[in-house]
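# Working through the structure, step by step
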Amino acid sequence: MGNFVKALSDRACVVMADSTWMEDAALAQLLSTAQMEGMQRVAGMPDLHPGRGNPVGAAFFSKDIIYPTLVGNDIGCGMALWQTDLLASAVRLDKLDKRVGNIDGPLEDLQLRAQAAEVQGVQPGEHLSALGTIGGGNHFAEFQQVDAIYAAQALSDLGLSPRHLLLLVHSGSRGLGERILRRHVDTFGHRGLTVGTDVAAAYLDEHEAALRFARCNRSLVAQRLLLNVRAQGECVLDVHHNFVASANVGGQDGWLHRKGATPSDQGPVVIPGSRGDYSYLVRSRRLCHDTLLSLAHGAGRKWIRSACKDRLFKLTSPTQMARTALGSRVICNDRQLIYEEAPQAYKGIDSVVQALVGAGLIELLARLKPVLTYKTRGECCE
DNA sequence: ATGTCC
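Residues numbered from 1 in each chain as written. Chains lettered and ligands numbered in written order. Predicted model: local features only at pLDDT ≥ 70, side-chain atom pairs only at ≥ 80, totals over all residues. Heavy atoms only, no water.

As recorded by an unreviewed UniProt entry, chain A carries the name 3'-phosphate/5'-hydroxy nucleic acid ligase and is attributed to Kinneretia aquatilis. In its Catalytic activity (unreviewed entry) section, the UniProt record describing chain A reads: "a 3'-end 3'-phospho-ribonucleotide-RNA + a 5'-end dephospho-ribonucleoside-RNA + GTP = a ribonucleotidyl-ribonucleotide-RNA + GMP + diphosphate". (UniProt positions renumbered as here; feature names shortened; annotations may be inferred.)

In structure tokens:
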């Protein structure tokens with residue numbers, strides 16, 4: 001087990017296998033976060049990669065101080081998995097593509113939006129128009145089919161029927177979280193906030209609102225897509241991977257920040273690969289405090305965004321990239337984004353998931369294959 | 001990442 005959890009210092013470790021792509025720059029960023037005031041322990045997940053200052057795919061456990069910049073701008077970003085009633089065997093990609101339509105703009109059904117906002121405890125505010133939209137970057141909505149079953153009982157316990165399509169939504173709090181972080185940084189810079197002060201309490205209140213908003217947003221994205229494709233569905237799981245919460249780690253009370261780190265103590269989760277790779281439905285096998293009760297949140301970037309187009313445009317066209325090696329379709333009519341989110345730009349999901357398996361942290365429940373990935377209908381790029 | 005930068 002120790003083989004897959006590598007100690008970087010007395011308070012930093014990273015979960016990885018020999019096959020896991022890992023950049024020195026990401027490890028250096030992780031080690032530098034371990035030096036922050038009040039930091040007790042940091043843990044890199046196998047999808048760890050460099051971020052803007054702080055690494056992505058990591059958890060940070062501090063005492064008495066919280067750091068909004070460690071959570072980042074997309075407070076509440078996470079994954080929601082929905083079960084649909086569409087038979088995977090009946091899918092016709094052209095038809096599904098057509099029916100999915102365009103969900104880039106604000107949700108048309110204001111009644112649905114207001115109802116969801118109320119149910120999820122989202123306060124009326126200026127960001128309501130973003131509810132039901134995916135956003136940019138690595139966010140997506142993806143129809144998937146169950147490709148391999150490793151634990152049939154666990155699937156049925158979750159209410160999953162393997163013959164039907166699943167819908168995975170990766171999105172967050174959109175402009176709301178962005179505004180919360182920006183206002184914090186404008187006032188306090190990158191300093192942390194002392195827990196117990198009014199400013200810390202104010203941030204935590206706003207952060208809580210962003211978590212509710214993000215969850216509501218994922219739900220509306222899913223419901224919107226289901227309406228468009230004339231399907232019914234139910235939410236199976238919804239788990240944030242960018243947030244901070246009080247926690248007891250190794251017998252010590254403190255604050256656990258997650259930046260692209262999925263909690264291991266909130267039931268089964270999906271660890272998605274790139275749009276051209278599998279995703280895995282997994283469940284935690286043990287509560288590991290050394291790795292800060294966290295799991296990978298995806299494959300993790302291998303290439304920085306700015307390098308992707310140069311490396312790929314000679315090899316492949318946007319049209320070619322609308323189809324993946326697994327036979328799935330990609331809706332991404334944004335010339336830049338389609339390169340930035342190319343499967344080649346991401347670590348192989350098996351090298352990430354196998355590191356977690358090797359460390360004894362997870363058990364695989366099912367392998368999911370992409371069918372259709374929605375990024376943006378955008379403008380036509382051909 | 002961003003009702004995003006020219």
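Having put the structure on the table, let's press on.
Let us now look at the UniProt feature "binding site: Mn(2+) 2" (unreviewed entry) in chain A. According to UniProt, the positions carrying the feature "binding site: Mn(2+) 2" (unreviewed entry) are His170 and His241. Taken together, the annotated residues stretch across 72 residues yet fold into one region, lying no more than 10.2 Å apart by C-alpha. Within the secondary structure, His170 is located in strand β8 (residues 164-171). Overall, His170 belongs to the buried group, its relative accessible area being 3%. Setting aside its immediate chain neighbours within four residues, His170 contacts Cys77, Gly78, Met79, Ile134, Asn138, His139, Phe140 and His241. (Helix = DSSP H or I, 4+ residues; strand = E, 2+ residues; numbered from the N terminus. Buried < 20%, exposed > 50% of the residue type's maximum accessible area, 1.4 Å probe, protein only. Contact = heavy atoms within 4.5 Å.)

Three or more residues of helix α8 (residues 305-312) are buried, namely Ala307, Cys308 and Leu312. One side of α8 holds all its buried residues, which, seen down the axis, span an arc of 115°. Turned more than 90 degrees away from the buried face of α8, the exposed residues are Ser306 and Asp310. Each element contacted by the buried residues of α8 is listed here: α10 (335-340). (Arc of directions from axis to C-beta.)

So, on to the environment of Leu107. Locating Leu107 in the fold gives a position in the loop between α3 (93-100) and α4 (110-120). Take Leu107: its relative accessible area is 5%, and that puts it in the buried class. Spatially, the C-alpha atom of Leu107 lies 27 Å from that of Gly260, the residues being 153 residues apart in sequence. The contacts of Leu107, once residues within four sequence positions are left out, are Leu112, Arg113, Leu131, Leu220 and Arg224.

One can find Arg218 in helix α7 (residues 198-228). A distance of 2.9 Å separates the side chain of Arg218 from the side chain of His240, its partner in a polar contact. Leaving out residues up to four positions away in the same chain, Arg218 has contacts with Gly76, Cys77, Gly78, Met79, Ala80, Val169, Ser171, Gly172, Asp238 and His240. (Polar contact = N/O pair within 3.5 Å; in protein donor to acceptor, adjacent residues only side chain to side chain.)

Moving on, we get to the UniProt feature "binding site: Mn(2+) 1" (unreviewed entry) in chain A. Summarizing the sequence annotation, UniProt attributes the feature "binding site: Mn(2+) 1" (unreviewed entry) to Asp74 and His139 in the numbering used throughout. Their sequence span is 66 residues, while the largest C-alpha to C-alpha distance among them is just 10.8 Å; these annotated residues converge on one region. Topologically, Asp74 is positioned in the loop between α2 (68-71) and β6 (78-87). If sequence neighbours within four positions are ignored, Asp74 has contacts with His139, Gly172, Ser173, Arg174 and Asn242.

A separate point is the pairing of strand β17 (residues 329-332). Neither face of β17 is exposed, since Arg329 and Ile331 on one face and Val330 and Cys332 on the opposite face are all buried. Relative to strand β18 (residues 362-376), β17 is paired through 4 bridges, and the arrangement is parallel. When the sheet's bridge partners are listed, Arg329 is paired in β18 with Leu372. (Pairing = 2+ DSSP bridges.)

Moving on, we come to the pairing of strand β4 (residues 56-62). Counting buried positions over the 7 residues of β4 gives 7, a clear majority of the element. Pairing between strand β3 (residues 39-49) and β4: 6 bridges, direction antiparallel. Residue pairing in the sheet places Val42 in a bridge with Phe60 of β4. Where β3 hands over to β4, the hairpin turn is made up of 6 residues, of which Gly53 adopts a positive phi near 90°.

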